[in-house]
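Topology and contacts: notes
Letter by letter, the chains look like this.
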Amino acid sequence: MLGDIDESGQTPGKKSKETESLYAYTSNYFSDAYALVPEIGEGQRWYDSPYRILDKVARSRARSLIPGPGRRVLSRAINRLECYNEFDRYLAWSRDDTFHNVKVPNSEHVKIPALWAVELFPPSQFDRLLKAINENSWDHKRALYGLGDESREMLERSRAGNGWAWWRLGDVVNRDSKRHLPDSQRQKLSYFFESIELIAMRIGPGLTAVLAYFQLTKIASDLLDDSWHADHGPSLIHQHGVLRVEDRMWSKCRKTQEARLSLHMAAREWLSNTCPGAFSEAGKQQPVIDLLLLEEHDPTLGERTDRELGDALRAIGLTESATVHRSSEYLPGLLLEPVDERMCPALAGRPTWALWGQRTKVAVSAIRDISVYGLEQVNAISYMVNQIARNFFVSLAISELLRLSEERYAALRDSAKTQHGHFKGRHLARLRETFLTLSLDLTSTYRDIQHFNTSSNGEYDITFTMTEAPWITKEREAAGDTDRREIDLVKNMKEKQIESAEKLVSSDNDYRDIMSTVASLWASSDTFKIGRLALWVSLTSLLVALLVADYSGDLIVVHIWKWLVHISSHHHVK
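Residues numbered from 1 in each chain as written. Predicted model: local features only at pLDDT ≥ 70, side-chain atom pairs only at ≥ 80, totals over all residues. Heavy atoms only, no water.

**Regarding the overall build of the protein chain**
Counting secondary structure elements, the protein chain contains 17 helices and 15 strands. Counting over 574 residues, the protein chain shows a buried share of 44%. The contacts of the protein chain with a sequence gap of at least 6 include a subset with a gap of at least 24, amounting to 69%. Split by element, the accessible area of the protein chain, about 30400 Å² in all, is 55% carbon and sulfur. (Helix = DSSP H or I, 4+ residues; strand = E, 2+ residues; numbered from the N terminus. Buried < 20%, exposed > 50% of the residue type's maximum accessible area, 1.4 Å probe, protein only. Contact = heavy atoms within 4.5 Å. Areas by Shrake-Rupley, 256 points an atom, 1.4 Å probe, with all protein chains shown as cover.)

**Comments concerning empty space enclosed by the protein**
Applying the stated criterion across every chain yields a total of two cavities of 30 Å³ or more. Size it by volume and the largest cavity reaches roughly 160 Å³. Of all the secondary-structure elements, those providing two or more residues to the lining of the largest cavity are helix 9 (278–281), helix 13 (390–418) and helix 14 (425–454). Of the residues forming the lining of the largest cavity, the biggest block, five residues, is contributed by helix 13. Tallied by class, residues from the lining of the largest cavity come to seven nonpolar, four polar and three charged. (1 Å grid on protein atoms, 1.4 Å probe; cavity = no way out; pocket = protein on both sides within 12 Å on 5 of 7 lines; lining within 4 Å. Points joined across faces, edges and corners; volume = space filled by probe spheres on them. Nonpolar A, V, L, I, M, F, W, Y, C, P; charged D, E, K, R; others polar.)

**Section: the packing of helix 7 (residues 218–229) against helix 8 (residues 248–274)**
Close contact between helix 7 and helix 8 brings their axes to 8 Å; oriented N to C, the two are set at 175 degrees. Between helix 7 and helix 8, the interaxial angle falls into the category roughly antiparallel. Seen from helix 7, the contacting residues are Ala220, Leu223, Leu224, Ser227, Trp228 and His229; seen from helix 8, they are Lys252, Lys255, Thr256, Ala259, Arg260, Ser262 and Leu263. Its residues placed into classes, the contact of helix 7 with helix 8 shows six nonpolar, four polar and three charged. (Axes fitted to C-alpha atoms, helices over the stretch in contact; angles between N-to-C directions. Parallel < 35°, antiparallel > 145°, perpendicular 65-115°, else oblique.)

**Describing the layout of surface pockets**
Reported here for the largest pocket is a volume of approximately 660 Å³. Lining the largest pocket we find 25 residues, and of these Trp353, Leu396, Ser399, Glu400 and Arg403 sit closest to its centre. Those elements that provide at least two residues to the lining of the largest pocket are strand 10 (334–338), strand 11 (352–358), helix 13 and helix 16 (489–548). Counting residues per element, the lining of the largest pocket draws most heavily on helix 13, at seven residues. In the lining of the largest pocket, the residues fall into 12 nonpolar, six polar and seven charged. Approximately 310 Å³ is the volume attributed to the second largest pocket. Around the second largest pocket, the lining comprises 16 residues; the ones closest to its centre are Thr305, Asp306, Arg307, Gly310 and Ala322. Looking at which element gives the most residues to the lining of the second largest pocket, the answer is helix 10 (residues 307–315), with five residues. Of the residues belonging to the lining of the second largest pocket, the class tally is five nonpolar, five polar and six charged.

**As for the pairing of strand 12 (residues 465–468)**
Where strand 9 (residues 324–327) meets strand 12, four bridges bridge the pair, whose relative direction is antiparallel. Bridged to Ser327 within strand 12 is Thr465. In this structure, strand 12 lies alongside strand 13 (residues 486–488), joined through three bridges in antiparallel fashion. Residue pairing for strand 13: Thr465 is matched across the bridge by Asp488. (Pairing = 2+ DSSP bridges.)

**Section: the pattern of salt bridges**
Under the definition given, this model contains 24 salt bridges. Two residues, Glu197 and Arg168, come together in a salt bridge whose shortest N-O distance is 3.8 Å. Pair noted here: Glu197 is in strand 4 (residues 193–204) and Arg168 is in strand 2 (residues 166–174), with a separation of 29 residues, a long-range link. The exposure class of Glu197 is buried, given its relative accessible area of 13%. One salt bridge in this structure joins Glu468 and Arg476, with 2.4 Å as the shortest N-O distance. Judged by relative accessible area, Glu468 falls into the buried class, the value being 16%. (Salt bridge = Lys/Arg side-chain N within 4 Å of Asp/Glu carboxyl O.)

**Regarding the side chain of Ser177**
For Ser177, the position within the fold is in the loop between strand 2 and strand 3 (185–187). Judged by relative accessible area, which is 11%, Ser177 ranks as buried. Ignoring anything within four residues of it in the chain, the contact list for Ser177 reads Arg186 and Glu194.

**Quick notes on the confidence of the model for the protein chain**
With 75% of its residues at a pLDDT of at least 70, the protein chain reaches an overall mean of 82. Contacts from residues 1–14, a stretch scored under 50 in pLDDT, to residues over four places away or in other chains number 15 contacts. (pLDDT = per-residue confidence, 0-100.)

**Thoughts on the packing of helix 8 against helix 10**
To characterise two packed helices, one gives the angle between the axes of the helices and the distance between these axes. Their axes nearest at 8 Å, the elements helix 8 and helix 10 cross at an angle of 40 degrees. Between helix 8 and helix 10, the angle falls in the class oblique. Where helix 8 approaches helix 10, its residues Met249, Trp250, Cys253, Thr256 and Gln257 are matched on the opposing element by Asp311, Arg314 and Ala315. Grouping the amino acids of the contact of helix 8 with helix 10 by side-chain chemistry returns four nonpolar, two polar and two charged.

**Overview of helix 6 (residues 151–159)**
Taken residue by residue, helix 6 has Ser151, Met154, Leu155, Ser158 and Arg159 as its buried positions. Down the axis of helix 6, the buried side of the element spans an arc of 130 degrees, and every buried residue falls inside it. (Arc of directions from axis to C-beta.)

Okay, here's the thing in structure tokens:
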């Protein structure tokens, strides 16, 4: 609440920071901006005269004489000019207005030392995984030095049901890096990546995961922070063919999130080109988890954050810590947070999670002594996460695979309906191939998910608990509500995976009936078409036979011609 305002325009007593911002906004910033940049049509700027002319036409009776397409062009032109006016106003808008700007504390910084991307290989993708292993030869040095079995051999044993739970496919180090790994390959990688570790994980005999662990270069690690602290001015952007204006706040949020996204997309592109699986084959984005380490803010404390800090965190894609915490005793100091697509449109449509926390807090509270890694602190933390959270990262990817299967079954159902009545043979063949592939993958995946979710992998089985933010709990308990509210996130996720897989299996049985019906309808339609074609062929053959038949020494066509001539001459005599 703003409170009482005295005659001087000041609120008695000490005002909160949020109240001061709101008061300043309503009293000063809005009117100041419009004083500097008046409404469109009220000046002599380049867009004022065209706007006045178009606006006069739009408000006149002559508008009714303009065809519909012309009126739409007129409206778009007016809206476009208004965007330029709004853009100029945002340029003049005060930087002190926290409702139109994002203020990042000068002492606060964020680093991304590493990220992970996951690709899955059900039975239909097994050949592609073998091809990737053969073509890339990640294990060449390992086999040469006698450091372990070849990846192909380990994969085949795993698919047979008696292999290791996980094994290293190999390491790739950037050719320009000073890092040295004995059995690694050196390749020309994006300047974002220092090295890439590929780990194969056995979900079950029919489902294998490849987890790619990307360790970032210093340039890439600082990329998000550089954009976070950069002065992003207002923007004019084209979206779906329409010009749109962003103030400094929305422009900073979009550009900062796009900087984070650029790292993700580079990792996804490398994995798709090097080791494509189910997500790549379907044209979908692989799940990505990145590690974000802040210098000052510790989200695990659960204190109520002010709006300015909340806006700053939102700019990098972190929006839920003020109300929801997903934490694990195995990863102390870190919170897990999925991207909220409604709040972070630049990251929308791509399965993305962040593990984030305050760097020193994570290093100090780590269960394992990260000094054993012999690396600088941020890289040591990423190594620790890579060892502990592998299974959980793969579980996140399994949920995405089931969601992808649901989408593909829905597309299969819809295509069967829309193509009914005008099927061609190639349509049915394509439909049958898609259905059989999905059905084979689903049957195998369902069994493997059940096995993976019920088996124990020792130290690699971690849990996450979802709770409300501590400040909310304190306020609730102060009001007398002492109920404990938490969800075992891993248990809940596994239950939903089994439930989703069971529904897909049930749908698969239904789609088998649909497929049989579609095939029968197509066969009946095809039989009718063939019968009709045979009838026309018979009629054509009869006609040809009549035309060329020998009748009393002359062709039938000769007799027809004589008859027509006779009729014509008889009519002429009369």
